[in-house]
Amino acid sequence: FFFFLGMEKLIVCVHKRPNALCRLICFPWAGGGTSQLAQWGKPLSNSIEVFCVRYPGRETRLNEPFAKDMTSMVNEVTSVLLKELQEKPFAFFGHSFGSYLSFAVALHLKEKYGLEPVHLFVSGAHAPNSEAILAIKSISVSDAKDEDVIEYLQTIGGTPSELLHNEDIRKHLLLTFKEDFRVFQTFSFEKAEMDIPFSCDITCFNGGDDKPYDLQGWQELTSGDTSFYELPGGHFYLLEPSNEIFLTKHITRCIENAGL
């Protein structure tokens, strides 16, 4: 029963496909909810069921405290999903903050349970072993002025501007983004200590008008193939309908080619 509650709380599955061969677990961006990625179940093939992870502090989890750090988020996702992940093959898709969280969850699953995604799809993120992450970790969120954060959110897009005009929504969005960003800053990964962690293929997507990401390091993290796709648009290129069609078709093809 508790397991079911955990699933209901953490996972949104709009298009249930109990007979699917594989699950795609989607991890949203900082400040984000499940409304966009949870809809991917529709365009994806019938052989794939989409689960979207809902972070604490938003949507139906609004009254829960925000996560304190990356480890607690990794532990929650792992404990709630472990049974599903052991039962059939799975792939991960993460955007921005979601890429780092999905990587951290994948690493934990591999180290502790010997489980690995059939494919890791990351979007709008540096390689976890990149120096570029250190600079982002040193930004002080608590010192940031609200208007600067709002301006940043408007610049990168992804938040309908009418939401930012509503004071209550704006306050909550700010808080959610800051709290998720704080969690991101607790993310750490030391490549030097270990062998190549994964053997699955990794695909990196990003928007051509977004800031450049240090992506090369992803190749050092798997013995599988690593591929890179740049799509038109900024940080939230993935919300453009034409890009969404490309992504969902490409992801379907990669998963189906994984020889399940």
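Scoring rules and cut-offs
Residues numbered from 1 in each chain as written. Predicted model: local features only at pLDDT ≥ 70, side-chain atom pairs only at ≥ 80, totals over all residues. Heavy atoms only, no water. UniProt positions renumbered as here; feature names shortened; annotations may be inferred. Helix = DSSP H or I, 4+ residues; strand = E, 2+ residues; numbered from the N terminus. Contact = heavy atoms within 4.5 Å. Core = buried A, V, L, I, M, F, W, Y, C linked by side-chain atoms within 4.5 Å. Buried < 20%, exposed > 50% of the residue type's maximum accessible area, 1.4 Å probe, protein only. Arc of directions from axis to C-beta. 1 Å grid on protein atoms, 1.4 Å probe; cavity = no way out; pocket = protein on both sides within 12 Å on 5 of 7 lines; lining within 4 Å. Points joined across faces, edges and corners; volume = space filled by probe spheres on them. Nonpolar A, V, L, I, M, F, W, Y, C, P; charged D, E, K, R; others polar.

In the nomenclature of an unreviewed UniProt entry, the protein chain is known as S-acyl fatty acid synthase thioesterase, medium chain of Piprites chloris. Here is the UniProt Catalytic activity (unreviewed entry) comment for the protein chain, exactly as written: "(9Z)-octadecenoyl-[ACP] + H2O = (9Z)-octadecenoate + holo-[ACP] + H(+)". According to its UniProt record, the protein chain has this under Sequence similarities (unreviewed entry): "Belongs to the thioesterase family."

A. Up close: the environment of Ala127. Note that Ala127 resides in the loop between strand S5 (119-123) and helix H4 (132-137). Apart from the residues within four sequence positions on either side, Ala127 is in contact with Ile133, Asp214, Leu215, Gly217 and Trp218.

B. Fine view of the nonpolar core. Core analysis: the largest hydrophobic core is formed by 83 residues, its most contacted members being Leu24, Trp40 and Phe93. Among the elements that make up this core, the one with the highest residue count is helix H3 (residues 97-113) (9 residues). When neighbours within four sequence positions are excluded, Trp40 is seen to be in contact with Leu24, Cys26, Val50, Phe93, Glu244, Leu247, Thr248 and Ile251.

C. Representation of helix H5 (residues 146-156) in the model. Looking only at H5, the buried set comprises Val149, Ile150, Leu153 and Ile156. Down the axis of H5, the smallest arc covering the buried residues is 135°, so these residues share one side. Of the exposed residues in H5, those oriented more than 90 degrees away from the buried face are Glu147, Glu151 and Thr155. Residues of H5 that are buried make contact with helix H6 (161-165) and helix H7 (167-185). Looking one or two residues beyond H5, the residue adopting positive phi is Gly157, at roughly 80°.

D. Representation of the layout of surface pockets within the structure. Considered as a void within the structure, the largest pocket measures approximately 970 Å³ in volume. Lining of the largest pocket is provided by 45 residues; of these, Ala30, Gly31, Leu153, Ile156 and Phe177 occupy positions nearest its centre. The element best represented in the lining of the largest pocket is H7, accounting for 9 residues. Looking at the lining of the largest pocket residue by residue, the classes come out as 23 nonpolar, 15 polar and 7 charged.

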